[in-house]
Amino acid sequence: MQHDKVLIVDFGSQYTQLIARRVRELNVYSEIHPFNKLPEDIDSYKAIILSGSPMSVRSDNAFHIDLSLIRGKKPLLGVCYGAQYLAHFHGGVVAPSSTREYGRANLGFVKEDEDFLEGINAGSLVWMSHSDTIKELPTGGVRLASTVDVENAAYRIEGEQTYAIQFHPEVYHSTDGKQLLENFLIHIAELKADWTPGAFVEETIAALQEKVGDDRVVLGLSGGVDSSVAAMLLHKAIGKNLFCIFVNNGLLRKDEYSQVLKQYEGMGLNVKGVDATDRFMDALAGLDDPELKRKAIGRVFIEVFDDEAKQIKDVTWLAQGTIYPDVIESVSATGGPSATIKSHHNVGGLPDFMKLKIVEPLRAIFKDEVRRVGASMGMAQELLGRHPFPGPGLAIRILGDITREKVAILQEVDAVFIGNLKKWGLYDKVWQAGAILLPVNSVGVMGDERTYEKCVALRAVESTDGMTADWVNLPYEFLQATSNEIINKVKGVNRVVYDISSKPPATIEWE
């Protein structure tokens, strides 16, 4: 793909993925590479951004990068750790801050007539996250902006297209962050803003046709956004040579198996539905440990998928819905866990005995980009807007062992909750929602009789990528109506609670 590229050097910041996504919102292609595994073709990148880091540049273990091929030769932007690195190792002074600045701050001084700060004025809100501060600028440094507590909040280096900022333009709290990145990338570095969903679709289809040719491809559909968009791209590229398998593990939402199959058929995909409920339930019998449940589900999925794939003659390729965050995590600067074995519903981690080559149409893009790509191909918003759903399904929303009765109860509860979110116009305002069946019975009264039945927890969060999440402040009237409906309609439940935990410290799912 002949697009101008931005290299984002990852020093382990929790915000690095946000930088890449912000850049791509400007229709500029960006890639993340760890500081210790830089690409060999560094000349092919038209601009470089140095990320933040949990590390201090003053530490003996500070992360180092050779800037000899970059500084003064390419437009360079240092963010937080990157700004401190440019100062500390190039003639400036970085020291512990007497007042650690974390959170919102306002720019006070903003230097006039600077292209880097075009459209950004004094008073602009920025997001700080650092315990060190730049006391003296590097050789040739020119101060561009300050806050009350941080004198050198932004600077540039004379004679170079090198800029640095102590704050984080990538987080949404920085109100002019996108403008600042646009100033740097479009106006200073002069990158072309041509990375669009339409261009991605066109180029990916051509690349798939060249890579796969007339070979046959098998893809495991999950009903989710990633596998569905991957399937549509492959369908456009190779048509009848794509064979999709949708496995019902008996742990889907109420009526989801039949509904999703019908939806896929309407898209023109060649899909085979396999109801393997009995096999999964047998494998889960008596298991209450979350990891054992996940492993059992993953194992049976592989067995079912392998059985079905063998029935398709001359299959050469296995398609996966891998997206860019999975790729990034597998080579993260901080040694993050490998994501090459994905949730089973995306057919990740299949064993070598399947002898299939891998094709991953979405491995270059983020979740929000996946949705935009799907929309550009005319896919239904109902599918593209679906909340994420865990690969093991309701098995990890039922705490303890799994039985058909428990699954049936949770399916009914979930149907009421999700149905009401849609009815009240709240579904699209929530990133992910679901119900959890707790291993707790509580006393209740229905009519004049005492009950001793199950308790369920409702969970709804807002997020951008699932790495962090806040609980959603759903209206009391909604919660009241939903609780009443669940207790009145779902036999076996007499108590409903709402989970108001954020991630971190909690996780989105309970198991």
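What you see is a predicted model, and the numbers here were worked out from it, not measured in a lab. (Residues numbered from 1 in each chain as written. Predicted model: local features only at pLDDT ≥ 70, side-chain atom pairs only at ≥ 80, totals over all residues. Heavy atoms only, no water.)

## Some points on the pattern of salt bridges
Then comes step 1: Using the criterion set out here, one finds 28 salt bridges in the structure.
Then comes step 2: Two residues, R386 and E256, come together in a salt bridge whose shortest N-O distance is 2.4 Å. Within this pair, whereas R386 is found in the loop between α11 (381–384) and α12 (404–423), its partner E256 is found in helix α6 (residues 256–266), the two being separated by 130 residues in sequence.
Then comes step 3: You can call E256 buried: its relative accessible area is 5%.
Then comes step 4: We note a salt bridge from E511 to K293, for which the minimum N-O separation is 2.8 Å. Of this pair, E511 sits in the segment after β18 (493–498) while K293 sits in helix α8 (residues 290–310), and the two are 218 residues apart along the sequence. (Salt bridge = Lys/Arg side-chain N within 4 Å of Asp/Glu carboxyl O. Helix = DSSP H or I, 4+ residues; strand = E, 2+ residues; numbered from the N terminus. Buried < 20%, exposed > 50% of the residue type's maximum accessible area, 1.4 Å probe, protein only.)

## Concerning the nonpolar core
Then comes step 1: V413, L421, L474 and I486 are the most contacted members of the largest nonpolar core, which totals 52 residues.
Then comes step 2: It is α12 that provides the largest number of residues to this core, a total of eight residues.
Then comes step 3: In contact with L474, other than residues within four places in its own chain, are F417, L421, L426, V430, A460, L479 and Y498.
Then comes step 4: Membership of the second largest hydrophobic core comes to 43 residues, among which are Y29, M267, V373 and M379. (Core = buried A, V, L, I, M, F, W, Y, C linked by side-chain atoms within 4.5 Å. Contact = heavy atoms within 4.5 Å.)

## A closer look at the sheet that holds strand β12 (residues 271–275)
Then comes step 1: Pairing is parallel across the open sheet formed by five strands, whose spatial order is β12-β11-β10-β13-β14. Strands with a single pairing partner mark the edges of an open sheet, and in this sheet they are β12 and β14 (357–359). On average, adjacent strands in this sheet sit at an angle of 30° to one another, irrespective of strand direction.
Then comes step 2: Where strand β13 (residues 315–319) meets β14, three bridges bridge the pair, whose relative direction is parallel. Its bridge partner lying in β14, W317 is registered against K357.
Then comes step 3: Seen against the sheet, helix α5 (residues 225–238) touches β10 (216–221), β11 (242–248) and β13 and runs at an angle of roughly 160° to β10.
Then comes step 4: Relative to β11, α8 is tilted by about 145°, and along the sheet it contacts β10, β11, β12 and β13. (Pairing = 2+ DSSP bridges. Axes fitted to C-alpha atoms, helices over the stretch in contact; angles between N-to-C directions.)

## Here's the deal with the packing of helix α4 (residues 197–212) against helix α10 (residues 367–376)
Then comes step 1: Contact pair α4 / α10: the axes reach a minimum separation of 9 Å and the direction vectors enclose 80°. The orientation of α4 relative to α10 falls into the category roughly perpendicular. Contacts from P197, G198, F200 and V201 of α4 reach α10 at R372, V373 and S376. (Parallel < 35°, antiparallel > 145°, perpendicular 65-115°, else oblique.)

## Section: unusual backbone geometry
Then comes step 1: Across the junction of K503 and P504, the peptide omega takes the value -15°, indicating a cis bond.
Then comes step 2: Relative to the helices and strands, P504 is located in the segment after β18.
Then comes step 3: The peptide bond linking P504 to P505 adopts the cis configuration, its omega dihedral lying at 15°.
Then comes step 4: Non-glycine residue E190 carries a positive phi angle of around 60°.
Then comes step 5: By secondary structure assignment, the location of E190 is in the loop between α3 (177–188) and α4.

## Considering the packing of aromatic side chains
Then comes step 1: The full count for this structure, using the stated rule, is 17 aromatic pairs.
Then comes step 2: Aromatic side chains W195 and F200 sit 5.8 Å apart centroid to centroid with 75° between the ring planes, which places their arrangement in the edge-to-face category. Comparing W195 with F200 shows no difference in burial state: the two are buried.
Then comes step 3: Judged by centre distance (5.6 Å) and plane angle (40°), the rings of F246 and Y257 are tilted. Taken together, the positions of F246 in strand β11 and Y257 in helix α6 put the pair 11 residues apart, joining distant regions of the chain.
Then comes step 4: Ring-pair connections join several aromatic residues into one group, and the members of that group are F11, F35, F63, Y81, Y85 and F89.
Then comes step 5: When the ring centre of F109 is taken as reference, the NZ or CZ atom of R143 above it lies at 4.6 Å.
Then comes step 6: Its end group placed over the ring of Y427, K422 keeps NZ or CZ at 5.0 Å from the ring centre. (Phe/Tyr/Trp six-rings, centres within 6.5 Å; stacked < 30°, edge-to-face > 60°. Lys NZ or Arg CZ within 6 Å of the ring centre and 35° of its normal.)

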